[in-house]
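# Reading the structure
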Amino acid sequence: MRCGAVPPTIVEEDTSSDVAVPERSKVSLRCRAEGYPPPTVTWRREEGKDINIATYASRSGSSGVTRVEGEYLNLTQVKREDMGAYLCIAANGIPPSVSKRILLQVNFKPKIRVPNQLVGIALGRPRCTWSAGWRPPRGPLTSWVRGADGLILLRNTSKFSVTEHLHSSYRTNMTLRIAHVDESDFGPYKCVAKNTLGEKEGYVRLYGGCLYI
């Protein structure tokens, strides 16, 4: 270690903490570090994805980079894909380097995608399954309902099985399974996702016929 050298430290009171912003808004994250020699601050995404720097797209020909250097990380037109953990890493050649994890939450209205809106199944099939993929912001309420008026809320029973599988920080797969299908099960169903920003519905109709799942 050189004489008078000081390893880097992150100044917490001048560094951003976890933040939640609306989609398509701007966000500026700050990471201030001290040490001697003065440390360099580098930003990376925890999962190794590119950092969206759309403001520089016209100069570089690309809107994404793997790292950004500087005390500030400025993002414009934030999208749901930008959601996740960002790491600011401070280093000055004097070990150890230090880092802080800052979580960026992007809030947006629910979006539902139903791959097949008509699901046909032959009578006698032991089980019918279909899914609806959706992209929720933080704190959504989700459900499956049946009937044209959507007043029958489906819960886990020996007949119906409702499950959710998280694909990423903003994408979930909602699945409804029906055991021992008969004619009384035919008709409309819908999945619902809602939060303070809005509500979205996806429709499925189950009918007798060939199986499309």
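Residues numbered from 1 in each chain as written. Predicted model: local features only at pLDDT ≥ 70, side-chain atom pairs only at ≥ 80, totals over all residues. Heavy atoms only, no water.

- Looking at an unreviewed UniProt entry, the protein chain carries the name Ig-like domain-containing protein, with the source organism given as Cordylochernes scorpioides.

### Some details on unusual backbone geometry
- Backbone torsion omega between tyrosine 36 and proline 37 reads 0°, so that peptide bond is classified as cis.
- With respect to the helices and strands, proline 37 occurs in the loop between β4 (33-36) and β5 (40-45).
- Following proline 95, the chain continues to proline 96 via a peptide bond in cis, the omega torsion being 0°.
- When you line up the elements, proline 96 lands in the loop between β10 (84-91) and β11 (98-107).
- For glutamine 77, which is not glycine, the phi dihedral falls at a positive 50°.
- Of note, glutamine 77 is situated in the loop between β9 (72-75) and β10.
- For glutamine 77, a relative accessible area of 44% corresponds to the partly exposed category. (Helix = DSSP H or I, 4+ residues; strand = E, 2+ residues; numbered from the N terminus. Buried < 20%, exposed > 50% of the residue type's maximum accessible area, 1.4 Å probe, protein only.)

### Observations concerning the pairing of strand β20 (residues 198-208)
- As paired strands, strand β13 (residues 118-121) and β20 are joined by four bridges and run parallel to one another. The residue of β20 that forms the bridge with leucine 118 is arginine 205.
- Taken together, strand β19 (residues 187-195) and the strand that follows it, β20, pair antiparallel across an intervening segment of two residues. (Pairing = 2+ DSSP bridges.)

### Section: the side chain of lysine 100
- Relative to the helices and strands, lysine 100 is located in strand β11.
- Of note is the side chain of lysine 100, whose polar atom sits 3.0 Å from the side chain of glutamate 12.
- Reaching out from lysine 100, the side chain makes a polar contact with the backbone oxygen of serine 16 at a distance of 3.0 Å.
- Residues contacting lysine 100, with those up to four places away along its chain left out, are Ile10, Glu12, Thr15, Ser16, Ser17, Tyr86, Leu87 and Cys88. (Polar contact = N/O pair within 3.5 Å; in protein donor to acceptor, adjacent residues only side chain to side chain. Contact = heavy atoms within 4.5 Å.)

### With respect to the pairing of strand β18 (residues 172-179)
- Within β18, six of the eight residues are buried, which leaves it mostly tucked inside the rest of the structure.
- As paired elements, strand β17 (residues 160-166) and β18 share seven bridges and run antiparallel to each other. By the bridge assignment, valine 162 is partnered in β18 with leucine 176.

### Notes on the packing of aromatic side chains
- Under the definition given, this model contains zero aromatic pairs.
- Over the face of the ring belonging to phenylalanine 108 we find arginine 80, whose NZ or CZ atom lies 4.0 Å from the ring centre. (Phe/Tyr/Trp six-rings, centres within 6.5 Å; stacked < 30°, edge-to-face > 60°. Lys NZ or Arg CZ within 6 Å of the ring centre and 35° of its normal.)

### A look at the nonpolar core
- If you look at the biggest cluster of nonpolar residues, it comprises 23 residues, and the most contacted ones within it are Trp43, Ile51, Leu73, Leu75, Tyr86 and Leu104.
- When residues of this core are traced back to their parent elements, those giving at least two are β3 (27-30), β5, β9, β10 and β11.
- If we skip the residues at most four places from it in the chain, leucine 73 touches Val27, Ser28, Leu29, Trp43, Ile51, Val68 and Tyr86.
- Judged by nonpolar contacts, the second largest core, of 16 residues, contains Phe160, Ile178, Val181 and Cys191. (Core = buried A, V, L, I, M, F, W, Y, C linked by side-chain atoms within 4.5 Å.)

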